[in-house]
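This is what each chain is made of:
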Amino acid sequence: EVKANTTIKCVPYFHVGGSLGLLGSLYSGNTLVIQARFDAGDWIRLVRVNEVVGAFLVPTMLQRILDHPDCSAEALSSLVSITYGAAAAPVALVERAMDALPHVGLANVFGQTETLGAYTMLLPDDHKRRDRIGSLGKPLPGVELRIVVPGTEEPVASGQVGELLVLSPQNVAPGWLRTGDLARVDGDGYL
């Protein structure tokens, strides 16, 4: 029997991405395939035999999967989506994944533990514009971003690099979170 909501997790559960994925699967009643220790060949096998439709990967895992001799669109034909994050993904890697797995929608998530997960997302449709790849996407609903001169509250000019501040209903402390990350927002609102 094919499980329409079968996902696979191979990231640590002490990390916000792993714990949220686990809790989300439990809450929604999805089938969750757990790979205790990542191995690209075993991951491909688990996706194939369990007809997995969704996965979360860090970029290094995605690269190892694409490099594996068993990786093909046919072997991973059940996959519908791959969400990636937890580290910067090289544009060339994302483009390679799109070319190798054209049937799979890719989504980039960006956030941190102090916001209980993601606060921006580059959606699968955003990936269709190759100039958007490398972006962290737009803020999720209810999230506000500010780019300021580092260590101050002074906003930088539009499109300029500064410190990223985040206001989210999921922030672990009330108010704006100083991330310490340097970022910029383009004219279309993409981080």
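Residues numbered from 1 in each chain as written. Predicted model: local features only at pLDDT ≥ 70, side-chain atom pairs only at ≥ 80, totals over all residues. Heavy atoms only, no water.

J.: Explain helix 1 (residues 16–28) to me, using residue names and the numbers behind them.
T.: Between its first and last C-alpha, helix 1 extends 18 Å over 13 residues, near the 18 Å set by a 1.5 Å rise per residue. For helix 1, the full list of buried residues reads Val16, Gly18, Gly21 and Ser25. On its buried face, helix 1 is in contact with strand 1 (6–9), strand 2 (31–34), strand 5 (105–112) and strand 6 (117–122). Positioned one or two residues after helix 1, Gly29 has a phi angle of 80°, which is positive. (Helix = DSSP H or I, 4+ residues; strand = E, 2+ residues; numbered from the N terminus. Expected span 1.5 Å × (residues − 1). Buried < 20%, exposed > 50% of the residue type's maximum accessible area, 1.4 Å probe, protein only. Contact = heavy atoms within 4.5 Å.)

J.: Report on the nonpolar core, specifying residues and quantitative values.
T.: Formed by 36 residues in total, the largest nonpolar core has its most connected members in Trp43, Ile65 and Leu76. Elements with a minimum of two residues in this core: helix 2 (40–50), strand 3 (54–57), helix 3 (59–67), strand 4 (81–85), helix 4 (91–100) and strand 5. For this core, the element with the highest residue contribution is helix 2, accounting for five residues. Dropping the residues within four chain positions of it, Leu76 is found in contact with Trp43, Ile44, Val47, Ile65, Cys71, Leu101 and His103. (Core = buried A, V, L, I, M, F, W, Y, C linked by side-chain atoms within 4.5 Å.)

J.: I'd love a proper account of unusual backbone geometry, names of residues and values included.
T.: Phi angles above zero are rare outside glycine, and Ala86 is one such case at about 75°. Along the polypeptide, Ala86 turns up in the loop between strand 4 and helix 4. Despite not being glycine, Leu116 has its phi angle at roughly 50°, a positive value. Looking at the element boundaries, Leu116 is found in the loop between strand 5 and strand 6.

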